[in-house]
Amino acid sequence: MSRKPNSEQRRAQIVQALLDTMAEHGYEKATIVLIARRADLTPGLLHYHFHSKADILLALVKALAAAAQQRYLALAQNALDADQRLKAYIDARLGLGEGADPGAVAAWVVIGAEAVRQPEVRAAYQHAVDTEMALLRELLSASLAAQGKSTANVHALAAALLAMMEGTFQLASAAPASMPMGYAAPMATQLVRRFIDAEPPA
């Protein structure tokens, strides 16, 4: 009896192929033929697992969000307090070293651009942003509370930090030579710490 193909593995292979193809050609020029060639599959097999290139892109949004969460969990597993968990989050999103993926960063920037143009991509992108904001508010609230500080401005701080991260991704993709090497995570940590220190008591 022949073995059934591993659909999840095939889908992950195709999603990775889109990411790699986008890094080289951009989303618009990442054709099904090029994606299939990168995945070492036939175009017909791609259409068996995904109805369209847009469906692959939606799966990539989820895959990138899941990978970012896994990197955070890996860095936070030995965190002893709220401040260390917050630092682990910032390092997971902006830090270099193990787990850093410039290709994923570039793909996320492309996805942000496509979210402006495609309603379905916008909905998936919005969901990822909302999930990120919820985690950020939780981490920042815990860190503020641990310092006996008010959490009244936590939503604005979370938004500012997320905007900084998205801007960092954009610059890392579009103008990497203009930015100092490894600046993002340390500076984000310093800025957040200064904000927390400046907040009034709870």
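Quick look at the structure, then.

## Looking at the overall build of the chain
Helix and strand counts for the chain come out as nine helices and zero strands. Starting at the N terminus, the α and β elements of the chain follow one another as α-α-α-α-α-α-α-α-α. Relative to its full complement of 202 residues, the chain shows a buried share of 38%. Long-range pairs, those at least 24 residues apart, make up 68% of the contacts in the chain with a sequence separation of at least 6. A total accessible area of about 11400 Å² is found for the chain, and carbon and sulfur atoms account for 58% of it.

## Things to note about the nonpolar core
Counting 60 residues, the largest nonpolar core has L18, L60, I90 and I111 as its most contacted members. A per-element tally of this core places helix α7 (residues 119-146) first, with 11 residues. For L60, the residues in contact, after removing those within four places along its chain, are V15, L18, L19, M22, A107 and I111.

## Some remarks on the pattern of salt bridges
What the rule picks out here adds up to seven salt bridges. Put simply, E132 and R93 hold a salt bridge, and the shortest N to O gap is 2.4 Å. Taken together, the residues span a long stretch of sequence, with E132 in helix α7 and R93 in helix α5 (residues 82-94) at a distance of 39 residues. By relative accessible area, E132 is classed as buried at 15%. Look at R93 and you get buried, because its relative accessible area is 10%.

## Quick notes on the packing of helix α6 (residues 102-117) against helix α8 (residues 154-174)
Between α6 and α8, the least distance of the axes is 9 Å, while the angle of their chain directions is 110°. Viewed along their axes, α6 and α8 adopt a mutual orientation that is roughly perpendicular. In this structure, α6 uses V105, A106, W108 and V109 to contact α8, whose residues at the interface are E166, F169, Q170 and S173. Here the contact of α6 with α8 is built from residues that sort into five nonpolar, two polar and one charged.

## Some remarks on the side chain of Q118
The topology assignment puts Q118 in the loop between α6 and α7. A polar contact of 2.7 Å, which involves the side chain of Q118, links it to the side chain of E114. In this structure Q118 touches Y27, A54 and L57, once residues within four positions along its chain are discounted.

## Things to note about the packing of aromatic side chains
Applying the stated criterion across every chain, the model contains two aromatic pairs. Seen in terms of ring centroids, Y72 and Y89 are 6.0 Å apart; in terms of plane orientation they differ by 70°. Their pairing is edge-to-face. Here Y89 lies in helix α5 and Y72 lies in helix α4 (residues 53-76), a separation of 17 residues in the sequence. Each member of the pair Y72 and Y89 is classed as buried. A cation sits over an aromatic face here: K53 above Y27, 4.2 Å from the ring centre.

Reading the values: rules and limits
- Residues numbered from 1 in each chain as written.
- Predicted model: local features only at pLDDT ≥ 70, side-chain atom pairs only at ≥ 80, totals over all residues.
- Heavy atoms only, no water.
- Helix = DSSP H or I, 4+ residues; strand = E, 2+ residues; numbered from the N terminus.
- Buried < 20%, exposed > 50% of the residue type's maximum accessible area, 1.4 Å probe, protein only.
- Contact = heavy atoms within 4.5 Å.
- Areas by Shrake-Rupley, 256 points an atom, 1.4 Å probe, with all protein chains shown as cover.
- Core = buried A, V, L, I, M, F, W, Y, C linked by side-chain atoms within 4.5 Å.
- Salt bridge = Lys/Arg side-chain N within 4 Å of Asp/Glu carboxyl O.
- Axes fitted to C-alpha atoms, helices over the stretch in contact; angles between N-to-C directions.
- Parallel < 35°, antiparallel > 145°, perpendicular 65-115°, else oblique.
- Nonpolar A, V, L, I, M, F, W, Y, C, P; charged D, E, K, R; others polar.
- Polar contact = N/O pair within 3.5 Å; in protein donor to acceptor, adjacent residues only side chain to side chain.
- Phe/Tyr/Trp six-rings, centres within 6.5 Å; stacked < 30°, edge-to-face > 60°.
- Lys NZ or Arg CZ within 6 Å of the ring centre and 35° of its normal.

From the geometry alone we can't say anything about function, so treat these as descriptive.
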